[in-house]
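The chain contents come next:
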Amino acid sequence: MILSRRTAHAVLTAAVLAVLLSCACSRTERPSVNYRLGSEEELSSALQSLKEYPDDVTLNISVWYYFTEKGQWDSVINYAVPVFRRSMYVPGKEQLMLYAGAYASQAFVFSERFDSLSAYIDRIIPLSDGPGSDDFLRAMINNIAGQYAMKAEGDYAEALDRYKNALESLTRIGDTLNRSIMLGNIASIYYHRKDTAGYRYARQAVELSNAHGDSYSIVYSTLQAAQMLYLKKQYRAASEYAGKISGAIDDFPQFKAQYFMLYGNIYAALGLYGKAEEYYDTALSYGNSTEPGTLSSVYLNYGRMLWAKGSLERAAGILRKGLSVTENNGNIEYRHELLLALSELYSAMGEKDKALDYYKSYHEYAEKIFNIQKERAFQKLETEEERAALQEEIQQKELALEKAKRERILNISISGIILIILIALYVIYHKQKGMYRQLVEAHQQYMNRTELIRKSAETQNDTKNKDSELWKRIESLMRNGKVYRQNDISLESIADMLSTNRVYVSKAINTFAGMSFYKYINSYRIEESVTILSGTDDNIPMKALADRLGYNSLSAFYRAFQQETGCPPSRYRSEAKKIKND
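Described below are features of the structure shown in this document. (Residues numbered from 1 in each chain as written. Predicted model: local features only at pLDDT ≥ 70, side-chain atom pairs only at ≥ 80, totals over all residues. Heavy atoms only, no water.)

## Some remarks on the packing of helix H9 (residues 176–192) against helix H11 (residues 215–231)
- Where H9 contacts H11, the two axes come as close as 9 Å, and the packing angle between them is 25 degrees. If you check the angle between H9 and H11, you find them roughly parallel. The interaxial crossing formed by H9 with H11 has left-handed handedness. Here Leu177, Ser180, Ile181, Gly184, Asn185, Ala187, Ser188, Tyr190 and Tyr191 of H9 lie close against H11, whose contacting residues are Tyr216, Ser217, Tyr220, Gln224, Gln227, Met228, Tyr230 and Leu231.
- For the contact of H9 with H11, the residue count by class is 10 nonpolar, seven polar and no charged. (Axes fitted to C-alpha atoms, helices over the stretch in contact; angles between N-to-C directions. Helix = DSSP H or I, 4+ residues; strand = E, 2+ residues; numbered from the N terminus. Parallel < 35°, antiparallel > 145°, perpendicular 65-115°, else oblique. Left-handed = near helix turned anticlockwise from the far one by under 90°. Contact = heavy atoms within 4.5 Å. Nonpolar A, V, L, I, M, F, W, Y, C, P; charged D, E, K, R; others polar.)

## Let's talk about the packing of aromatic side chains
- Taken as a whole and judged by the stated rule, the model has 27 aromatic pairs.
- Each ring, one from Tyr66 and one from Phe67, has its centre 5.4 Å from the other, and the planes form 80 degrees; the classification is edge-to-face. This pair shows no difference in class: Tyr66 is buried, exactly as Phe67 is.
- Residues Phe557 and Tyr558 carry aromatic rings whose centres are separated by 6.2 Å and whose planes lie at 80 degrees to one another, so their mutual orientation is edge-to-face.
- Here Phe557 falls in the buried class, since its relative accessible area comes to 0%.
- We classify Tyr558 as partly exposed; its relative accessible area is 27%.
- Aromatic rings pair up to connect Tyr259, Phe260, Tyr263, Tyr267, Tyr279 and Tyr286 into one cluster. (Phe/Tyr/Trp six-rings, centres within 6.5 Å; stacked < 30°, edge-to-face > 60°. Buried < 20%, exposed > 50% of the residue type's maximum accessible area, 1.4 Å probe, protein only.)

## Quick notes on the pattern of salt bridges
- In the structure shown here, the tally under the stated rule is 17 salt bridges.
- Salt-bridge contacts for Lys507 lead to Asp467; the nearest nitrogen and oxygen are separated by 3.6 Å. Taken as a pair, Lys507 in helix H22 (residues 502–512) and Asp467 in helix H20 (residues 466–481) lie far apart in primary sequence, 40 residues in all.
- Put simply, Asp55, Arg86 and Lys93 are held in one network by salt bridges that share partners. (Salt bridge = Lys/Arg side-chain N within 4 Å of Asp/Glu carboxyl O.)

## Looking at the environment of Ile124
- Mapped onto the elements, Ile124 comes out in helix H6 (residues 114–124).
- With relative accessibility at 0%, the residue Ile124 sits in the buried group.
- With 40 residues separating them in the primary sequence, Ile124 and Phe84 have C-alpha atoms 9.9 Å apart.
- Here Ile124 is in contact with Phe84, Met97, Leu98, Gly101, Ala102, Ser105 and Ile141, once residues within four sequence places are set aside.

The structure is reproduced here in structure tokens:
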């Protein structure tokens, strides 16, 4: 694809406009003219001015640009070629010659008149680095040379080299728009070679064109990316990509044949031959507005689909039409494939003589396309590109590895700290777990000893002691009456029950229990709770247990129980059950 016809020439002219306005001309000052002519009236005015100032670069570019934008290649050639011949090798007119040659060559490329193109391109290429040239013009010339190498000579290595030189020139001047188009051109080489490695160029082209927002470059680059996805056999993705430009494709009829052919190829690959045929027919209906190379590609793919469908005679007719397109226009992009397809098809049809004739022609053109030296040159360019990309990738990976290494060290340090904390918590947990078991065992032993002491005290013959008698009555209230369960129990209430006063009750408890009244009450409450919690079948909720034992709140029960036993009631229950199970 040639650099953007809608914007490339505007960039081109704007870049040289200031210089050209101050250039020495063959005549006095000319009338001002807008380089982008918007109507036939403005074109007529520019043509009239050219009669007086025939060597004015800006006027000439305005006229060539007008016809180029309209796709009127014959008019471009008719106006540019005489200027090229008149200014050829004339001192001081190098720039005029180069632009005239570039525009004429571009028109020859679009119309694929390669026999005429070589006479111009061969003259301007050696001068593209000399006086009067600039980076955009060099990009334009290299692009045209790349198109010629691929379409007329089948020299992919030369085409790739030219496109890359053009890409470098456009990069130097920061031309994002045409860089995307050039990347699309590079991707097209790989598509012709059936090489999916070109997808990365197509993807870059899409990114640049979307960033710029130009419709022409978006359509072209997206179409290239969709073709590469088709080549990768990612048919759904290819269809989705093509769908992105369905609304814009109508503005660019030169791409319509390629667009509809892509859908035909996708449906053919899926075995939906009826749908494929519809799209191929639609693609052929735009034959007059597309390049002969693309048109021959439509015939090639259409013929292959009909062959797969079983329509051999129709396939042969379609393939012969495609071959005629390449022969009539000097385009050899798809000629070898058409010849090989016809050879194989006629062989399948049993027409051996035709098959042999087409195979001989195929072999002749295949040598042009797959010349060993050309293939090695292409692979060298491709290898250099890949080496540079690989080196950059390696550097990026090294940076990523270094970053990952630092992050890994940090993560290991953090993980180490976390591990130490977890180990410490684990040790503490198990120590605490072991400690709870020891506490439960010790408490149960204590309870057993306390019970023995109480029974021993009851057998003593100290019945005449009033305090001892009172103590026995208090114990009876606790053991038999379980008055400790009352949440409002007090010295006064105990004294009333025993018809005595609180002083005597307090003294008896202090003397025989060795503790205060409230600790004495709490000891019975805890004793009963321990009995209940140690039972393997009793799963009474802690709140219900606290209420039964006379505690005013669950927290008061927890606090009293832990002070007495050294561990929470829930833990006591679990550890006690384990001891019994052991």
